[in-house]
Amino acid sequence: MDSVKSQSYEVHINELAKAALNQHVANRKYSKIFLLVDENTKKYCLPVFKEIFDGPVDSILEIQSGEENKHIQTCLQVWEDLSNLDGDRKSLLINLGGGVLTDMGGFVASTFKRGIDFINIPTTLLAMVDASIGGKTGVDLGSLKNQIGVINQPQMVLIFPEFLTTLDPRQIKSGYAEMLKHGLIKDKDYWGDLTKKSNFTDASCIQRSIAIKNDVVLQDPTEQGLRKILNFGHTLGHAIESYCLENHDRKTLLHGEAIAIGMILEGYLSHELRGLSKLSLDEIKKSFLRFFDKVDFTEDDIDSILQLLKYDKKNSHGNVNFVLLQAIGEAVIDIEVPEELFQKAFAYYKE
């Protein structure tokens with residue numbers, strides 16, 4: 001199978017993706033076709049895209065890569081470019097890049113002229129298995145992750161695993177963290193398979209992750225219940241990512257690196273509050289630390305990270321709600337966590 005059906009669009013992989021793109025553009029007769037890239041995808045991925053896409057691109061728009069550029073000022077730049085280049089409501093924006101670019105490009109398209117069509121072509125493993133499904137678009141507010149955005153579906157998502165050859169190993173591992181998360185929340189066998197693999201970038205693994213996330217999103221498109229399980233590791237993980245982003249004396253963590261830490265911490269909370277076995281908890285920690293170096297957090301770091309929890313967009317009525325595990329492959333939502341457990345979770349991570 002080379003396609004996954006999601007809500008109003010499909011995710012196509014490899015040759016089927018190429019055919020779907022060219023057929024869609026030929027049928028729609030767009031007034032303008034814009035391609036959004038950053039400096040990395042312009043250099044490494046644009047030549048491949050030109051071989052894939054048969055039609056003309058009217059204009060290539062370029063933004064700077066990196067989470068630190070995922071903000072409204074970058075959107076303003078792209079909106080102005082679209083307007084100056086005579087973009088209208090019948091235009092198409094193709095987003096060629098990682099999760100930062102597809103999140104932001106989707107938001108720009110969803111709000112320009114009250115919404116134009118967009119197609120996402122994720123070029124990182126993280127974007128392929130995570131940002132490719134669900135229609136979440138948006139930007140950060142300062143260092144606070146994804147505070148501004150809308151849920152809006154692309155016309156299609158196209159997966160070309162050959163783009164992964166352009167990535168450094170650190171970026172590949174960042175995507176691997178999200179794949180491991182899919183196993184932890186929904187598929188124990190997949191978790192077991194992934195932790196044994198040395199190559200997790202083959203199309204079958206990517207497709208399995210996409211299918212798991214897609215199954216969840218189809219049942220709960222607007223995150224009223226079940227879809228929240230996709231946030232496992234992200235409550236503390238996003239706080240860690242934001243903290244490292246705003247403290248320039250610390251190494252900036254990639255999304256997957258921060259989420260890996262978050263999953264160990266929230267695994268500990270799961271053990272304390274939901275009965276996740278100590279055996280499973282230690283397995284989770286050992287598996288992540290095999291691929292991700294341990295980060296040394298001081299007590300001041302931890303205090304600052306915990307302060308950021310109050311800004312988490314999943315909060316409701318002043319409560320910080322967590323997704324926790326009852327067992328590997330079984331997640332539960334909306335769990336309140338006593339504050340004293342946070343320090344214990346960090347202590348377990350640091351052991």
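Our subject is the structure listed above.
Notes on the structure follow. The numbering scheme is per chain: residues are counted from 1 as the chain's sequence reads. It should be noted that, the model being predicted, local features are given only for residues of pLDDT at least 70 and side-chain atom pairs only at 80 or more, the latter also being counted only at that level, while totals for whole chains, interfaces and linings use all residues. The side-chain values count all of the structure's non-hydrogen atoms but skip hydrogen atoms and water molecules.

## Describing the overall build of the protein
For the purposes of this entry, the term helix denotes a DSSP run of H or I that reaches at least four residues, the term strand denotes a run of E that reaches at least two, and both are numbered from the N terminus. Each helix and strand counted, the protein has 14 helices and eleven strands in total. Rg of the C-alpha trace for the protein: 20 Å, near the compact-globule value of 20 Å for 351 residues, within the 12% margin. Categorising residues by exposure relies on relative accessible area from a 1.4 Å probe, with only protein chains included: less than 20% of the type maximum marks a residue as buried, more than 50% marks it as exposed, and the intermediate range marks it as partly exposed. Taken across its 351 residues, the protein has 57% of its residues classed as buried. Any pair of residues with heavy atoms lying within 4.5 Å of one another is described as a contacting pair. The contacts of the protein with a sequence gap of at least 6 include a subset with a gap of at least 24, amounting to 76%. Counting rule applied: Lys, Arg positive; Asp, Glu negative; His and chain ends not counted. Note on charges: their place is set at NZ of Lys, CZ of Arg, CG of Asp or CD of Glu. Of the charged side chains in the protein, 39 are positive and 50 negative, and the gap between their average positions amounts to 3 Å. In this treatment the radius of gyration is a C-alpha quantity, and the globule benchmark scales as 2.2 Å times the residue count to the 0.38 power.

## So, the side chain of Thr195
Counting through the fold element by element, Thr195 comes out in helix H8 (residues 188–196). A residue is classified by how much of its surface remains accessible, and Thr195, at 12% relative accessible area, is buried. At 3.0 Å, the side chain of Thr195 and the backbone oxygen of Gly192 are in polar contact. In this structure, Thr195 is in contact with Tyr176, Leu180, Ser287 and Arg290, ignoring residues within four places of it in sequence. Polar contacts, as counted here, are pairs of nitrogen or oxygen atoms within 3.5 Å of one another; within protein the pair requires one atom able to donate a hydrogen and one able to accept it, and residues that are adjacent in sequence qualify only if both atoms are side-chain atoms.

## As for helix H14 (residues 340–350)
Within the span of H14, buried status applies to Leu341, Phe342, Ala345, Phe346, Tyr348 and Tyr349. Here the buried residues of H14 occupy an arc of 155 degrees about the axis, which is enough to place them on one side. Its buried side turned inward, H14 meets helix H10 (234–246), helix H11 (255–274), helix H12 (278–291), helix H13 (299–307) and strand E10 (321–327). Along the arc lie the directions from the helix axis toward the C-beta atoms.

## Here we look at a nonpolar patch on the surface
Each patch groups residues whose relative accessible area exceeds 30% and which form no salt bridge, using 9 Å between like charges and 5 Å between nonpolar side chains of Val, Leu, Ile, Met, Phe, Trp and Tyr. Here the accessible surface of atoms and residues is derived via Shrake-Rupley with a 1.4 Å probe, and residues count as covered only by protein chains that are part of the display. Salt bridge criterion: a side-chain nitrogen from Lys or Arg within 4 Å of a carboxyl oxygen from Asp or Glu. A surface patch of nonpolar side chains, about 240 Å² in accessible area, is lined by Ile72, Leu141 and Ile148. As for its placement among the helices and strands, Ile148 is situated in strand E8 (residues 144–151). Note on Ile148: relative accessible area 34%, which makes it partly exposed.

## Here's the deal with the packing of aromatic side chains
Centre-to-centre distance and the angle between the planes together describe a pair of aromatic rings. Between the rings of Phe, Tyr and Trp (Trp by its six-membered ring), a pair exists once the centres lie within 6.5 Å; its type follows the angle of the planes, with under 30 degrees stacked, over 60 edge-to-face, and the other angles tilted. A full pass over the atoms with the stated rule returns ten aromatic pairs. Judged by centre distance (5.4 Å) and plane angle (35 degrees), the rings of Phe49 and Phe53 are tilted. Per residue, the accessibility class of Phe49 equals that of Phe53, and both read buried. Seen in terms of ring centroids, Phe288 and Phe292 are 6.4 Å apart; in terms of plane orientation they differ by 45 degrees. Their pairing is tilted. Take Phe288 and Phe292: they sit in the same class, and that class is buried. Through a chain of ring-to-ring contacts, three or more aromatic side chains come together here, namely Trp191, Phe288 and Phe292. The ring centre of Tyr348 lies 4.3 Å from the NZ or CZ of Lys285, which sits over that ring. Either the NZ atom of lysine or the CZ atom of arginine qualifies as a charge over a ring when it sits within 6 Å of the ring centre and within 35 degrees of the ring normal.

## Describing the environment of Gly134
By secondary structure assignment, the location of Gly134 is in the loop between helix H6 (125–131) and strand E7 (136–141). Among the residues examined, Gly134 registers a relative accessible area of 0% and is labelled buried. In this structure, the C-alpha to C-alpha distance between Gly134 and Pro221, residues 87 residues apart in sequence, is 7.0 Å. Not counting residues within four places of it along the chain, the set of residues in contact with Gly134 comprises Gln7, Tyr9, Ile151, Gln153, Val217 and Arg227.

## Here we look at the packing of H10 against H13
Only the contacting stretch of a helix is used when fitting its axis, a line to C-alpha atoms as for every element, and angles between N-to-C directions run 0 to 180 degrees. Two numbers describe how H10 lies on H13: the axes approach to 8 Å, and their chain directions differ by 115 degrees. Both H10 and H13 take part in a crossing whose hand is right-handed. On H13, the residues touching Leu236, Ala239, Ile240 and Tyr243 of H10 are Asp301, Ser304, Ile305 and Leu306. Looking at the contact of H10 with H13 residue by residue, the class counts come to six nonpolar, one polar and one charged. When the near helix sits turned anticlockwise from the far one by under a right angle, the crossing is termed left-handed; a clockwise turn instead gives a right-handed crossing. Gly falls in the polar group here, along with every residue not listed as nonpolar (Ala, Val, Leu, Ile, Met, Phe, Trp, Tyr, Cys, Pro) or charged (Asp, Glu, Lys, Arg).

## Quick word on the pattern of salt bridges
Inspection of the entire model under this criterion finds 16 salt bridges. For Lys145, the salt bridge is made with Glu241, and the minimal N-O distance between the two is 3.2 Å. Of this pair, Lys145 sits in strand E8 while Glu241 sits in helix H10; the two residues are 96 residues apart in sequence, bridging distant segments of the chain. Classification of Glu241 as buried rests on a relative accessible area of 3%.

## With respect to the environment of Leu218
Locating Leu218 in the fold gives a position in helix H9 (residues 203–219). For Leu218, a relative accessible area of 42% puts it in the partly exposed group. Expressed as a C-alpha distance, the spacing of Leu218 and Ser6, which sit 212 residues apart in the sequence, is 6.6 Å. Filtering out sequence-adjacent residues up to four positions away, Leu218 remains in contact with Lys5, Ser6 and Gln7.

## Things to note about the nonpolar core
Residues grouped as a nonpolar core are buried Ala, Val, Leu, Ile, Met, Phe, Trp, Tyr and Cys residues, joined through side-chain atoms within 4.5 Å. Within the largest apolar cluster, 97 residues are counted, with the highest numbers of intra-cluster contacts made by Ile240, Leu269 and Phe288. If one sorts the elements of this core by residue count, H11 sits on top with nine residues. Apart from residues lying up to four places away in sequence, Ile240 is in contact with Leu253, Ala258, Ile261, Leu265, Phe297, Ile305 and Phe346. Within the second largest apolar cluster, 17 residues are counted, among which are Leu61, Leu82, Met104 and Ile116.

## Some words on the side chain of Lys70
For Lys70, the position within the fold is in the loop between strand E4 (59–63) and helix H4 (72–84). At 2.8 Å, the side chain of Lys70 forms a polar contact with the side chain of Asp103. Residues contacting Lys70, with those up to four places away along its chain left out, are Val100, Asp103, Met104, Gly138, Val139, Asp140 and Asn146.

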